[in-house]
Amino acid sequence: MRGSTVDGLTSRRLGISGPLDRVRLQEAQMAALRATVLHAKAGSPWYRERLAGVEAESLRLPADLARLPLMSSADVAAQGQRMVCVPQGEVARIVTLQTSGSTGAPKRLHFTRDDLDGTLDFFLHGMLSLAGQEDRVLALLPFSQPDSTGDLLIRALTGGGVHCAGLWPPADAVELAQFIAAERYSCVVGLPQHLLALSETLPFGAVRTMLLCSDYAPPALRRRIEESCGCETFLHYGATETGLGGGVECEAHDGCHLRESDLLFEIVDPVTGALLGEGEEGEVVVTTLGRRAMPLLRYRTGDLARLEKGPCVCGGVTARLCDVAGRGKACVLGGGFRLTSRELDDRLFDLEGLLDYRATLDCGGGSDRLGIEFLAGAGHDHLERDLGAALRRVPGVAAALELGTLALGPMRRVDAFSPSHTVKRTIFDQRGSTS
Ligand SMILES: [Zn+2]
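Residues numbered from 1 in each chain as written. Predicted model: local features only at pLDDT ≥ 70, side-chain atom pairs only at ≥ 80, totals over all residues.

> So what's going on with the overall build of the protein chain? Which residues, and what values?
Counting secondary structure elements, the protein chain contains 12 helices and 19 strands. In terms of overall dimensions, the protein chain is globule-like: its C-alpha atoms have a radius of gyration of 22 Å, near the 22 Å expected for 435 residues. Taking the principal axes of the C-alpha coordinates as reference, the protein chain spans close to 65 × 55 × 40 Å. Considering the protein chain as a whole, with its 435 residues, one finds that 44% of them fall into the buried category. Sequence-distant contacts, at least 24 apart, represent 63% of the contacts inside the protein chain between residues at least 6 apart. (Helix = DSSP H or I, 4+ residues; strand = E, 2+ residues; numbered from the N terminus. Rg over C-alpha atoms; globule rule 2.2 N^0.38 Å. Buried ≥ 20, exposed ≤ 12 C-beta atoms within 10 Å, placed from the backbone. Contact = placed C-beta atoms within 7 Å.)

See below:
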């Protein structure tokens, strides 16, 4: 194997000379962290107050990071404007994200042109893991707005000499498959559920590779895509907070190689916030390195995953984020049983014919009620019954059904979901305040 393309990017951007190894990488990351802390304290009143007792120069080893307090999504929503470290005129893009917090205040993430150029650099080199000059890439992502994810991806690849075009929202799967075959696209980037629907209509072997962009892609969904159309799937990890790009799988498919030039990752206990050992599953905490407009220092992403720093089978040195479980928050069912959207994803996407779904929890007849709206491929008329059986195999659901605190609600087939709701799957909890 030829190693991860993220390694070269990381070496170059951190200015590491000689072969990349973990010692050199750690030294360069800690130097970049010190510079980031100085920049944050100089430019932002919020960081100046919060880090008053922290000397940037004292940050030498990864364990020293614990001197910096953790920050959350709620901090960004409440104090984001005071985190901005550059004059407003240097802000090239602001991304507004709705939060589910009690105040409902949105998060506004700020980026300079330099920050966005860093994303372009990662998008190009990350994509070289699965596409080359001979490929034609189709991005099934929103791209009409300047500096949106799709727009940055198209510009990054085009700038690197790889043909790339955008299409949003994705057309009907049959039409889309015809278009892809006619235009000879060999690599497709998109959301897992859109790529799943596409894979069932594509001629086998027409597309060589696909990149799944999302916080979590169930293994069953990847298997179905690969078996249906004969392509190799790659995962991307990233969020607006990581500067859109975060990490990408190599051909070994054992975790996403992280963009360690621009991001420093830690895994902490989701409850206590204590740093966990290598390989332990916990909450992903990210620190931006070199980010100008709005640095984030020890930001809790809410994602659950493991961090592997040992050498990858591909020969790559950059750390890998493995088994990303998306937003970790569980719904608590009557009787105290827990249910996560990941558990539903793992069971439901195993059902042949299921293309996408939306789960809703509400109150009905004295118990919780779990209903599913779903999209199905042509000819899968039995899916309603299969869905009920699959739900009964989810441990939390089975236990609550047994106790009588949960009932299965309607299983309803729909023709389409709006493209926006499918960006991040979640359980829509409409039970009001829950314990
Ligand atoms: Zn690798």
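> Please provide a residue-by-residue account of the sheet that holds strand β18 (residues 406-413), values included.
In space, the 4 strands of this open sheet follow the order β18-β17-β16-β19, with mixed pairing throughout. Every other strand in the sheet has two partners, leaving β18 and β19 (427-429) as the edge strands with one partner each. Within the sheet, the average angular offset between the axes of one strand and its neighbour, ignoring direction, is 20°. Pairing of strand β17 (residues 367-376) with β18, which is carried by 6 bridges, proceeds in the parallel orientation. In the sheet register, D368 faces β18, and the bridge partner there is L406. Here helix α11 (residues 383-392) sits on the sheet and contacts β16 (354-364), β17 and β18; the angle it forms with β18, its principal contact strand, is near 150°. (Pairing = 2+ DSSP bridges. Axes fitted to C-alpha atoms, helices over the stretch in contact; angles between N-to-C directions.)

> Give me the lowdown on helix α2 (residues 22-43), citing residues and values where you can.
End to end, α2 covers 31 Å across 22 residues, agreeing with the expected 32 Å (1.5 Å per residue, within 8%). Those residues of α2 that sit buried are L25, A28, Q29, A32, L33, T36, V37, A40 and K41. Close packing links the buried residues of α2 with α1 (5-14), α3 (45-50), β10 (263-268) and β11 (282-288). (Expected span 1.5 Å × (residues − 1).)

> Account for the domain arrangement of the protein chain, with residues named and values stated.
Entries for the protein chain in the domain assignment read domain 1 (1-328) and domain 2 (331-429). Using only C-alpha atoms to locate each centre, domain 1 and domain 2 end up separated by 29 Å. (Domains from an automatic or database assignment.)

> So what's going on with the packing of helix α8 (residues 192-199) against helix α9 (residues 219-229)? Residues and values would help.
In contact at an axis separation of 9 Å, α8 and α9 are set at 30° when each is read in the N-to-C sense. In terms of their interaxial angle, α8 and α9 are classed as roughly parallel. Considering only the axes of α8 and α9, their crossing is left-handed. Residues P192, L195, L196 and S199 of α8 form the contact with α9, whose own contacting residues are L221, R224, I225, S228 and C229. Residue composition of the contact of α8 with α9, by class: 6 nonpolar, 2 polar and 1 charged. (Parallel < 35°, antiparallel > 145°, perpendicular 65-115°, else oblique. Left-handed = near helix turned anticlockwise from the far one by under 90°. Nonpolar A, V, L, I, M, F, W, Y, C, P; charged D, E, K, R; others polar.)

> Provide a residue-level description of the sheet that holds strand β7 (residues 232-237), including the pertinent values.
In a beta sheet, neighbouring strands are held together by backbone hydrogen bonds and run either parallel or antiparallel to one another. The strand order across the open sheet formed by 11 strands is β4-β3-β5-β6-β7-β8-β9-β13-β12-β11-β10, and the pairing between neighbours is mixed. At either end of the open sheet lies a strand with only one pairing partner, and these are β4 (163-166) and β10. Each strand axis lies, on average, 35° off the axis of its neighbour in the sheet, ignoring direction. Pairing of strand β3 (residues 136-140) with β4, which is carried by 4 bridges, proceeds in the parallel orientation. Its bridge partner lying in β4, L138 is registered against A165.

> With reference to specific residues and values, describe helix α12 (residues 395-403).
All of the buried residues along α12 are G396, V397, A400 and L401. Each buried residue of α12 lies within a common arc of 130° when the element is viewed along its axis, so the set occupies one face. Along α12, the residues that are exposed and aim more than 90 degrees away from the buried face are P395 and E402. In the core, the buried residues of α12 are packed alongside β15 (338-339), α10 (341-348), β17, α11 and β18. G404 sits one or two positions beyond α12 and adopts a positive phi of about 85°. (Arc of directions from axis to C-beta.)

> Can you lay out the environment of L370 for me, pointing to particular residues and giving the numbers?
You can see L370 is positioned in strand β17. For the pair formed by L370 and L59, sequence separation is 311 residues and the distance between their alpha carbons is 49 Å. Contact partners of L370, with chain neighbours within four places excluded, come to A359, L361, L391, V397, L406, L408 and G409.

> Mind laying out the environment of L176, listing which residues take part and the relevant values?
By the secondary structure assignment, L176 is in helix α7 (residues 173-183). L176 has contacts with P170, A171 and L198, leaving out every residue within four places of it along the chain.

> Now, about the packing of helix α5 (residues 113-127) against helix α6 (residues 149-159): what can you tell me, with residues and values included?
Relative orientation of the contacting elements α5 and α6 amounts to 65°, with a least axis distance of 8 Å. At the point where α5 passes α6, the crossing takes the right-handed sense. Across the interface between the two elements, L116, T119, L120, F123, L124 and M127 of α5 pack against L152, L153, R155, A156, L157 and G159 of α6. Partitioned by chemical class, the residues of the contact of α5 with α6 number 9 nonpolar, 2 polar and 1 charged.

> Summarise the environment of P270; cite the residues concerned and give the values.
Note on placement: P270 falls in the loop between β10 and β11. We classify P270 as partly exposed; it has 17 C-beta atoms within 10 Å. Put simply, P270 and L304 are 34 residues apart on the chain and 8.4 Å apart in space, counted from C-alpha to C-alpha.

> So what's going on with the nonpolar core? Which residues, and what values?
The biggest cluster of nonpolar side chains holds 115 residues, and the ones touching the most others in it are V137, A139, L153 and V188. At 6 residues, α2 tops the list of elements feeding residues into this core. Of the residues that make up this core, three or more belong to each of domain 1 (1-328) and domain 2 (331-429). Every residue in contact with A139, bar those within four places of it in the chain, is listed here: G150, L153, I154, C164, G166 and V189. (Core = buried A, V, L, I, M, F, W, Y, C linked by C-beta atoms within 7 Å.)

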